[in-house]
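Remarks on the overall topology
So the chains spell out like this:
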Amino acid sequence: MIELVLSSVGCAALCYTLGRYNRALALQRWQFVLNAPEERAIEALRRRIDVDAALVRQAFDAAERARDARRTPDAMTVLRVALEILEDAGADRLTRLRAMGVYSRMVRAIRPLPAPTASPFRSGALRSAAAVAGLVHGFLVGTQERFRLWLLLLGLGVRIVLRGGRRAVDDAGREPERPGPWTAFATGLADFEALDASHLAAFEALAASLSAIDRGGRMQLWERIAGDTR
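Residues numbered from 1 in each chain as written. Predicted model: local features only at pLDDT ≥ 70, side-chain atom pairs only at ≥ 80, totals over all residues. Heavy atoms only, no water.

1. Remarks on the overall build of the protein
- A count of helical and extended segments in the protein gives eight helices and zero strands.
- Residues classed as buried in the protein amount to 43% of the 230 residues present.
- Taking the contacts inside the protein whose residues are at least 6 apart along the sequence as the reference set, 80% of them involve residues at least 24 apart.
- Put simply, the protein shows about 12,200 Å² of open surface, and 57% of that area lies on carbon and sulfur atoms. (Helix = DSSP H or I, 4+ residues; strand = E, 2+ residues; numbered from the N terminus. Buried < 20%, exposed > 50% of the residue type's maximum accessible area, 1.4 Å probe, protein only. Contact = heavy atoms within 4.5 Å. Areas by Shrake-Rupley, 256 points an atom, 1.4 Å probe, with all protein chains shown as cover.)

What follows is the structure, given as structure tokens:
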């Protein structure tokens, strides 16, 4: 029994040591020029993220102004519009994350991403998930496994934000004058924007990885994975 425990501890320590490679050195090996399809896809996704953020922020700000003016029915109507925009954006992100997970298995290596941390996030649930992911990240050796860990965290984060947004809207509908639900919705928006920043970083990492494969296969992959960003 003691031998088994010591063996398990030693294996975990070895994985953690191997996992703490020089990320800066690894990134230098990925410094080559992206091809046109990858650049277009990244730019299209960046525009999509910016538009989604602007729309949901505009709707939420309008809802808050209506609430402050004591136009409660208008405030709730616009707040539900903000939630619908957020849900549409969340569905788009989850679809892309699934595609990225599939196509990440078609490359031999993926440009390294930093370890997940709780610092960009505000909600307790998302901060806890990011902290656990950061711990697990240290025990993973391959860039593919670490990349898919990021995808798992991003998907979980989107679901946490959407669930919190729906709860906040329901609570605001029951007590529109109480600030708590509105603060919770604003927190969710901030977390979604932080998730989007990581979503884009993961997309760029996959783009760099796909740049390393043959042109014919790369074009076919981009036609599929980048279709929803146009």
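There's plenty left to go through after this.
2. A word on the pattern of salt bridges
- Evaluation of the coordinates by the stated rule reveals 15 salt bridges.
- Among the salt bridges present, the one from Glu-43 reaches Arg-46, with a minimum N-O distance of 3.1 Å. Of this pair, Glu-43 and Arg-46 both sit in helix H3 (residues 36-68), three residues apart, roughly one helical turn.
- Glu-43 gets classed as partly exposed once you look at its relative accessible area, which sits at 34%.
- Classification of Arg-46 by relative accessible area gives partly exposed; the value is 29%. (Salt bridge = Lys/Arg side-chain N within 4 Å of Asp/Glu carboxyl O.)

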